[in-house]
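# A closer look at the structure
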Amino acid sequence: MLGVPPEVYTRDPMSLIPALQDYVSRAPLAEFEQSDWITLHADLMSYVADYLIHKHGARWSVADDPTAPRGYRFVIEATGRDGQTHQIDPADVVRKEFSSLPIEITRMLASAELTLHLASPADGV
């Protein structure tokens, strides 16, 4: 949909960043209805998860969450540079990004990487 061939994306999930950034930068966010925000949130959440899986070998996992209606939620889990396993909910990453518009794809990904201890500020993130 964004013009990046699947084989290019599979080789390098970062290849989607320019096209995705262009898409969100041109989106008429001020005119979005709730369904538009939900769709954008789901799309970005999927990208964050897929990026972490392909770039860093992260994986989906289930985390207990007594505040969730089902008692659990799906998270992305990865082993950080510190050797520890860390988890992040891609929905939270996107929600946080929405709170500081404009949407910046690289900032969103960097936030996820920092939370999972996959990168450090010294890396230029």
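Above this text you will find the structure in question.
All of these numbers come straight from a predicted model, not from anything done at the bench. (Residues numbered from 1 in each chain as written. Predicted model: local features only at pLDDT ≥ 70, side-chain atom pairs only at ≥ 80, totals over all residues. Heavy atoms only, no water.)

### Quick notes on the pairing of strand β3 (residues 85-88)
Stated formally: Working definition: with a 1.4 Å probe on protein chains only, accessible area under 20% of the residue-type maximum means buried, over 50% means exposed, and in between means partly exposed. Numbering of helices and strands starts at the N terminus; helices are DSSP runs of H or I of at least 4 residues and strands are runs of E of at least 2. Strand pairing is defined by DSSP finding a minimum of two bridges between the two strands.
Burial along β3 is one-sided: the residues His-86 and Ile-88 are buried and none of Thr-85 and Gln-87 is. Bridge analysis of strand β2 (residues 72-79) against β3 gives 4 bridges, and the strand direction is antiparallel. Of the residues in β3, the one forming a bridge with Thr-79 is Thr-85. The antiparallel pairing of β2 with β3 creates a hairpin that spans 5 residues between the two strands, and Gly-83 there sits at a positive phi of about 85°.

### Some remarks on the nonpolar core
Put simply, the rule reads: Remark: nonpolar core denotes a set of buried residues (Ala, Val, Leu, Ile, Met, Phe, Trp, Tyr, Cys) joined through side-chain atoms within 4.5 Å. The criterion used for residue contact is that any of the two residues' heavy atoms lie within 4.5 Å.
Of all hydrophobic cores here, the largest spans 29 residues; its most connected members are Leu-40, Leu-44, Tyr-47, Val-48, Leu-52, Ile-103 and Ile-105. Counting residues per element, the ones that place at least two in this core are α2 (17-26), α3 (34-56), β2, α4 (90-98) and α5 (105-115). The element best represented in this core is α3, accounting for 7 residues. Discounting residues that sit within four places of it in the chain, Leu-52 has contacts with Gly-57, Ala-58, Ile-76, Ile-88, Ala-112, Glu-113, Leu-116 and Leu-118.

### Points about the side chain of Glu-77
Heads up, the rule is: The term polar contact refers here to a pair of N or O atoms within 3.5 Å; inside protein, the definition further demands a hydrogen-donor-capable atom paired with an acceptor-capable atom, and it admits residues adjacent in sequence only when both atoms are side-chain atoms.
Here Glu-77 lies in strand β2. Within the structure, the side chain of Glu-77 is placed 2.9 Å from the side chain of Gln-87, a separation counted as a polar contact. Excluding its chain neighbours within four sequence positions, the residues that come into contact with Glu-77 are Ala-58, Arg-59, Ser-61, Thr-85, His-86 and Gln-87.

### Section: the sheet that holds β3
The cut-off we apply is this: Note on method: axes are straight lines fitted to C-alpha atoms, helices fitted across the in-contact stretch only, with angles between N-to-C directions ranging 0 to 180 degrees.
In space, the 3 strands of this open sheet follow the order β1-β2-β3, with antiparallel pairing throughout. Strand pairing shows two members of the sheet lacking a second neighbour, β1 (59-64) and β3, which therefore form its edges. Each neighbouring strand pair of the sheet contributes to a mean axis angle of 45°, computed without reference to strand direction. Both β1 and β2 contribute to a ladder of 6 bridges, which runs antiparallel. Its bridge partner lying in β2, Ala-63 is registered against Arg-73.

### Comments concerning the environment of Lys-96
Looking at the element boundaries, Lys-96 is found in helix α4. Residue classification places Lys-96 among the exposed residues on the basis of a relative accessible area of 55%.

### Some points on the pattern of salt bridges
Where we set the bar: What makes a salt bridge here is a side-chain nitrogen of Lys or Arg within 4 Å of a carboxyl oxygen of Asp or Glu, nothing more.
Scanning all chains against the criterion turns up 6 salt bridges. One salt bridge in this structure joins Arg-59 and Glu-77, with 3.5 Å as the shortest N-O distance. Of the two residues, Arg-59 sits in strand β1 while Glu-77 sits in strand β2, which places them 18 residues apart along the sequence. Overall, Glu-77 belongs to the buried group, its relative accessible area being 16%. Residues Arg-95 and Asp-92 are paired through a salt bridge, measuring 2.6 Å at the closest nitrogen-oxygen approach. One end of the pair is Arg-95 and the other is Asp-92, both in helix α4 and 3 residues apart, which spans about a single turn.

Read these as geometric descriptors, not functional statements.
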